[in-house]
Amino acid sequence: MENKLIVGNIKTNMKFGEIPNYLNWFKNIKSKNVVICPSYIYIPYFLNYKFNVGSQNVCINDDGGYTGEISAEQLASIGVKYVIIGHSERRLFLKETDIDINKKIKSSINAGLKVILCIGENLEQFNLLKKDIILKRQIKDDLANIKDLSNVIIAYEPVWAIGTNKMPDKKEIEKTVLYIKQLVIEMFNQKIKVMYGGSINENNISYLKDIEVLDGFLIGSASIDPTKFIKIIDKVINI
Ligand code: PGA
């Protein structure tokens, strides 16, 4: 249980004035398995604490003339350890493609970052029983030509479960996680860690944390409220 990763994705939330109070809640968190991913502009403040810090995105290219972007090497140089890549909100709203995602993963691995690759089917695909096909295609394209997957963790996030208070049941999550792990073994001959994300809160975490095949949790909304996020962390790693 102690080895499960707990990742908070704050997304585009919080004003600067809210940061000190938020961080105050996490000053006693010493576990490196806790990763908080704030907006880029707040990252330096989060780096003053013992937990790990992640980025919610990264530039497709390495350093260079890419106005407004932040490269993987820049993130690594400041002390960021993780990067979320391919979140469904970026795939949907920013039209990020699997080719973009693949480039971002390569650049991040080269910079020494750990990659949290988000994959998942949307509601229509789920209803049409296309989940397995979609996951397979995303894994194949997103991880194409990446030789060493030791710094990649997959976050299985059904798009229909993000911010909706809905989620697959325990058996379904277990089945999908095993399916993903097996696919990666078949396609790349490597083992991979798989986390779950989508509508996790301080109550349902008690039930999710017992899914043995799961290697971690990606938490959106509930990580914005420090009291909820602390409860989740406490239930998973007993702070
Ligand atoms: P949620 O978001 O926890 O609010 O459902 C999860 C995510 O977007 O990663």
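Structure report, in brief. (Residues numbered from 1 in each chain as written. Predicted model: local features only at pLDDT ≥ 70, side-chain atom pairs only at ≥ 80, totals over all residues. Heavy atoms only, no water.)

Some points on a positive patch on the surface
Alright, step 1. Where like charges cluster on the molecular surface, the positive patch consists of Lys-30, Lys-32, Lys-50 and Lys-81.
Alright, step 2. Examined against the element boundaries, Lys-32 turns out to sit in the loop between α1 (19-24) and β2 (34-37). (Patch = residues over 30% accessible without salt bridge, like charges linked within 9 Å, V, L, I, M, F, W, Y side chains within 5 Å. Areas by Shrake-Rupley, 256 points an atom, 1.4 Å probe, with all protein chains shown as cover. Salt bridge = Lys/Arg side-chain N within 4 Å of Asp/Glu carboxyl O. Lys, Arg positive; Asp, Glu negative; His and termini not counted. Charge placed at Lys NZ, Arg CZ, Asp CG, Glu CD. Helix = DSSP H or I, 4+ residues; strand = E, 2+ residues; numbered from the N terminus.)

Brief notes about the site of the ligand
Alright, step 1. The ligand sits among Lys-11, His-87, Glu-157, Ala-161, Ile-162, Gly-163, Gly-198, Ser-199, Leu-218, Ile-219, Gly-220 and Ser-221.
Alright, step 2. Separating an oxygen atom of the ligand from a side-chain N or O atom of Lys-11 is a distance of 2.7 Å.
Alright, step 3. Between the ligand and the protein, one listed contact pairs an oxygen atom with a backbone N or O atom of Gly-163 at 2.6 Å.
Alright, step 4. Here the ligand loses 99% of its free accessible area of 280 Å² to cover by the protein chains. (Near = heavy atom within 4 Å. Polar contact = N/O pair within 3.5 Å; in protein donor to acceptor, adjacent residues only side chain to side chain.)

A short note on the side chain of Glu-157
Alright, step 1. Positionally, Glu-157 belongs in the loop between β6 (152-156) and α8 (170-188).
Alright, step 2. No salt bridge forms around the buried Glu-157; measuring N to O, its nearest opposite-charge neighbour Lys-11 is 6.7 Å away.
Alright, step 3. Engagement of the side chain of Glu-157 in a polar contact is seen with the side chain of His-87, the distance being 3.5 Å.
Alright, step 4. Setting aside anything within four residues of it in sequence, one finds Glu-157 in contact with His-87, Cys-118, Ile-119, Gly-120, Ile-162, Gly-197, Gly-198 and Leu-218. (Buried < 20%, exposed > 50% of the residue type's maximum accessible area, 1.4 Å probe, protein only. Contact = heavy atoms within 4.5 Å.)

Here's the deal with the pattern of salt bridges
Alright, step 1. Evaluation of the coordinates by the stated rule reveals 10 salt bridges.
Alright, step 2. Two residues, Arg-137 and Asp-98, come together in a salt bridge whose shortest N-O distance is 3.3 Å. Here Arg-137 is found in helix α7 (residues 131-142), whereas its partner Asp-98 is found in helix α5 (residues 98-110), with 39 residues between them in sequence.
Alright, step 3. Judged by relative accessible area, which is 14%, Asp-98 ranks as buried.
Alright, step 4. Residue Asp-141 is joined to Arg-137 by a salt bridge in which the shortest nitrogen-to-oxygen separation is 3.8 Å. Of this pair, Asp-141 and Arg-137 both sit in helix α7, 4 residues apart, which is roughly one turn of that helix.
Alright, step 5. Through salt bridges that share partners, Arg-91, Asp-98, Arg-137, Lys-140, Asp-141 and Asp-142 make up one connected network.

Description of the sheet that holds strand β4 (residues 82-85)
Alright, step 1. Strand order in the closed barrel formed by 8 strands is β1-β2-β3-β4-β5-β6-β7-β8, with parallel pairing between adjacent strands. On average, each strand axis in the sheet is inclined to that of its neighbour by 25°, with strand direction left out of account.
Alright, step 2. Contacts from α7 reach β5 (114-119) and β6 within the one sheet, and its direction differs from that of β5 by about 150°.
Alright, step 3. Against the sheet, helix α11 (residues 226-237) contacts β1 (5-9), β2 and β8 (216-219), and its axis sits at roughly 170° relative to β1. (Pairing = 2+ DSSP bridges. Axes fitted to C-alpha atoms, helices over the stretch in contact; angles between N-to-C directions.)

A word on the packing of aromatic side chains
Alright, step 1. Evaluation of the coordinates by the stated rule reveals 10 aromatic pairs.
Alright, step 2. Arranged with centres 6.3 Å apart and planes meeting at 75°, the rings of Phe-26 and Phe-51 form a pair that is edge-to-face. Highlighted residues: Phe-26 in the loop between α1 and β2 and Phe-51 in the loop between α2 (43-46) and β3 (52-55), separated in sequence by 25 residues.
Alright, step 3. Taking the relative accessible area as the measure of exposure, Phe-26 reaches 0% and is therefore buried.
Alright, step 4. Judged by relative accessible area, Phe-51 falls into the buried class, the value being 2%.
Alright, step 5. One aromatic cluster in this structure is built from Tyr-22, Phe-26, Phe-46, Tyr-49, Phe-51 and Phe-229. (Phe/Tyr/Trp six-rings, centres within 6.5 Å; stacked < 30°, edge-to-face > 60°.)

Concerning unusual backbone geometry
Generally, phi is negative for residues other than glycine and the peptide bonds are trans, each holding for most cases.
Alright, step 1. At Lys-11, a position not held by glycine, the phi torsion is positive, near 55°.
Alright, step 2. Inspection of the secondary structure puts Lys-11 in the loop between β1 and α1.

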